[in-house]
Amino acid sequence: MSIAKEKIVWFEKRIADFFKKGGREHLPWRKKRVLAYEVWVSEIMLQQTQASRVILYYERFLKKFPTIEALSKASWEEFLLYYAGLGYYARGHNMLETAKTVMKEYGGIFPRDRKLLEKLPGIGPYTAAAILSFAYDGDYLAWDTNLRRVMGRFFFGGKHLVSDETFWENKYAMPKKEMNAALMDFGSSLCVARPKCEACSLKTRCVYYREKGKREKMTQKRKKWTLSGNPKDMRAIVYLHECHKKYFSSVRESYKPFFLPVGYATRAGIKEYFKKTYGLDVSVRPPHKRILVNKKSAILIRAQILLGRPCFRVFPREAISKKILEML
Ligand code: SF4
């Protein structure tokens, strides 16, 4: 993944110009000085919920719980009064637990260390990077779908074609706080699902624009393939995550995803398995890949926890073997 430095500088300059004119500086969590607590609340609420919808919830929530101390003392019922409507209650449980942990273990101040942040319930690499860059001016890219889409399209022609955030973190001269905000805004206003390329100042050097999005369409087509063969004879290998944290089965040896018994390789089957076995409500993505395990067909699938408290181990990103990540 080698990119000419000059192209990166060019990209950065246009993104900075866009931000000066089109940045969403009106968002309440985009103050000059923002507390780690405020960034955290906004980022959790923004997970799979649009910013325009979150604003009202965010302001009401902070009025009721202006500090992490106040939040840590709230009961679940009290908390729900200010959170209900945002869905995904696993996130809510994690918020309360994190508030209590930060009070107990860090004296009410979010740690400035990425690894420590990622150990807190519901905080994954993206949220940790957002807290560090927005609240502590840390040198981290908050690698979310917007960043992936913009950079994947511009440099490689497709939103799925960019990877390895640590590589990108070192590439920019622009402060990461500004870079993150600019790319998030760019990705949610111009480089959206159906990109508004004609209005985009990056189009002259954008690979996606030059190729008319062909590469992205090709990868999407591959992603959408449906199963051939009878799912009743297959095994599902499920890669389970929640808020960017990855859960691996503790049943087998370390770092393996969940190997479901034969007969559960359908959307409904996987949902039923996690409900029955772990009491979790999950949403299931389309099959990612088909592989052979002991000469038998198996499918790799991603699923996300929607509701329920997982009772198995969370492995930090760096502990996950490269092989498994490649497989998924
Ligand atoms: S030209 Fe289109 S695809 Fe490329 S960065 Fe701009 S909006 Fe995105």
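Refer to the preceding data block for the structure.
Quick caveat, the model's predicted, so the values are computed rather than measured.

**Re the overall build of the protein**
Of regular secondary structure, the protein possesses 15 helices and 7 strands. In the protein, which comprises 328 residues, the share counted as buried stands at 35%. Taking all contacts inside the protein whose residues are at least 6 apart in sequence as the whole, residues at least 24 apart take part in 64%.

**Considering the site of the ligand**
Around the ligand, the surrounding shell holds 14 residues, and the nearest of these are C191, P195, C197, C200 and C206. Among the elements of the structure, α9 (145–156) and α12 (207–210) are those that each provide at least two residues to the shell around the ligand. The biggest single contributor to the shell around the ligand is α9, with 3 residues. Split into classes, the residues belonging to the shell around the ligand amount to 11 nonpolar, no polar and 3 charged.

**What about the pairing of strand β1 (residues 235–242)?**
Here β1 lies mainly inside the structure; 7 of its 8 residues are buried. One ladder, built from 7 bridges, connects β1 with strand β6 (residues 296–307); its direction is parallel. Residue pairing in the sheet places L240 in a bridge with A303 of β6. In terms of strand pairing, β1 meets strand β3 (residues 258–259) through 2 bridges, oriented antiparallel. Residue pairing for β3: V238 is matched across the bridge by F258.

**As for the nonpolar core**
Within the largest apolar cluster, 58 residues are counted, with the highest numbers of intra-cluster contacts made by A129 and I131. Elements with a contribution of two residues or more to this core: α1 (5–22), α2 (36–46), α3 (51–64), α4 (68–72), α6 (89–106), α8 (125–136), α9 and α11 (176–189). Apart from residues no more than four positions distant in its own chain, A129 is found in contact with Y140, L141, A142 and W143. Counting residues in hydrophobic clusters, the runner-up holds 21 residues, among them A90, M234, I270 and L280.

**A short note on the pairing of β6**
Pairing of strand β4 (residues 281–284) with β6, which is carried by 4 bridges, proceeds in the antiparallel orientation. Looking across to β6, one finds that D281 is bridged to L307.

**With respect to unusual backbone geometry**
One non-glycine residue, D137, adopts positive backbone phi at about 55°. Take D137: it is sitting in the loop between α8 and α9. Although it is not a glycine, K212 sits at a positive phi angle of roughly 55°. Relative to the assigned elements, K212 resides in the loop between α12 and α13 (214–223).

Each value, and the rule that gives it
Residues numbered from 1 in each chain as written. Predicted model: local features only at pLDDT ≥ 70, side-chain atom pairs only at ≥ 80, totals over all residues. Helix = DSSP H or I, 4+ residues; strand = E, 2+ residues; numbered from the N terminus. Buried ≥ 20, exposed ≤ 12 C-beta atoms within 10 Å, placed from the backbone. Contact = placed C-beta atoms within 7 Å. Near = placed C-beta within 6 Å. Nonpolar A, V, L, I, M, F, W, Y, C, P; charged D, E, K, R; others polar. Pairing = 2+ DSSP bridges. Core = buried A, V, L, I, M, F, W, Y, C linked by C-beta atoms within 7 Å.

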